[in-house]
Amino acid sequence: MNMRRRLIPEIATLQAFECAARHGSFTRAAEELSLTQSAVSRQIRDLEAQTGLMLFERVRQRVVLSDAGARFLPEVRRLLAQSEQLM
């Protein structure tokens, strides 16, 4: 039986999303995660492509969660908390 498995985003990508959502900034998220701003931006872009959702609205020098991003955030936080319990 050939079952298609839904691709699950990597934990690091979910961490970048959560951090950017919390800070309202890819730059500040990058600083917290010891990454470059472009690395965080790329992770978010990949996550948006993977989910088919626009998770952030880019407003001047800030990023603001879209409605879809605001709905997605609690699930991401739940997954991250579960992953921490596994360690």
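My aim in this report is to walk through the structure given alongside it, one point at a time. Bear in mind the structure is a predicted one, so any value in this text is a computation, not a measurement.

## Regarding the pattern of salt bridges
Next, step 1: Counted by the stated rule, this structure contains five salt bridges.
Next, step 2: For E18, the salt bridge goes to R22, with nearest N and O atoms at 3.0 Å. Of this pair, E18 and R22 are both found in helix α1 (residues 11–23), four residues apart, which corresponds to roughly one turn of the helix.
Next, step 3: Of the residues examined, R22 reaches a relative accessible area of 43% and is grouped as partly exposed.
Next, step 4: The residue E75 makes a salt bridge to R78 at a minimum N-O spacing of 2.7 Å. Here R78 and E75 lie together in helix α4 (residues 67–86), a separation of three residues that amounts to about one turn.
Next, step 5: When its relative accessible area of 39% is taken as the criterion, R78 is described as partly exposed.
Next, step 6: Through salt bridges with shared partners, a single network forms among E18, R22, E32 and R77.

## Quick look at helix α3 (residues 37–51)
What sets the pattern is the α-helix's 3.6 residues per turn: residues three or four places apart point alike.
Next, step 1: For α3, spanning 15 residues, the distance from its first C-alpha to its last is 21 Å, which sits close to the expected 21 Å at 1.5 Å a residue.
Next, step 2: Those residues of α3 that fall on the buried side of the exposure criterion are A39, V40, S41, Q43, I44, L47 and E48.
Next, step 3: Of the surrounding elements, those touching the buried residues of α3 are α1, α2 (26–33), β1 (56–59) and α4.
Next, step 4: Looking one or two residues beyond α3, the residue adopting positive phi is G52, at roughly 75°.

## Considerations on unusual backbone geometry
Next, step 1: Positioned with a positive phi, S34 is a non-glycine residue whose angle comes to about 55°.
Next, step 2: Looking at the element boundaries, S34 is found in the loop between α2 and α3.

## Things to note about the environment of Q50
Next, step 1: Relative to the assigned elements, Q50 resides in helix α3.
Next, step 2: Using a relative accessible area of 36% as the deciding quantity, one classes Q50 as partly exposed.

The rules we used
- Residues numbered from 1 in each chain as written.
- Predicted model: local features only at pLDDT ≥ 70, side-chain atom pairs only at ≥ 80, totals over all residues.
- Heavy atoms only, no water.
- Salt bridge = Lys/Arg side-chain N within 4 Å of Asp/Glu carboxyl O.
- Helix = DSSP H or I, 4+ residues; strand = E, 2+ residues; numbered from the N terminus.
- Buried < 20%, exposed > 50% of the residue type's maximum accessible area, 1.4 Å probe, protein only.
- Expected span 1.5 Å × (residues − 1).
- Contact = heavy atoms within 4.5 Å.

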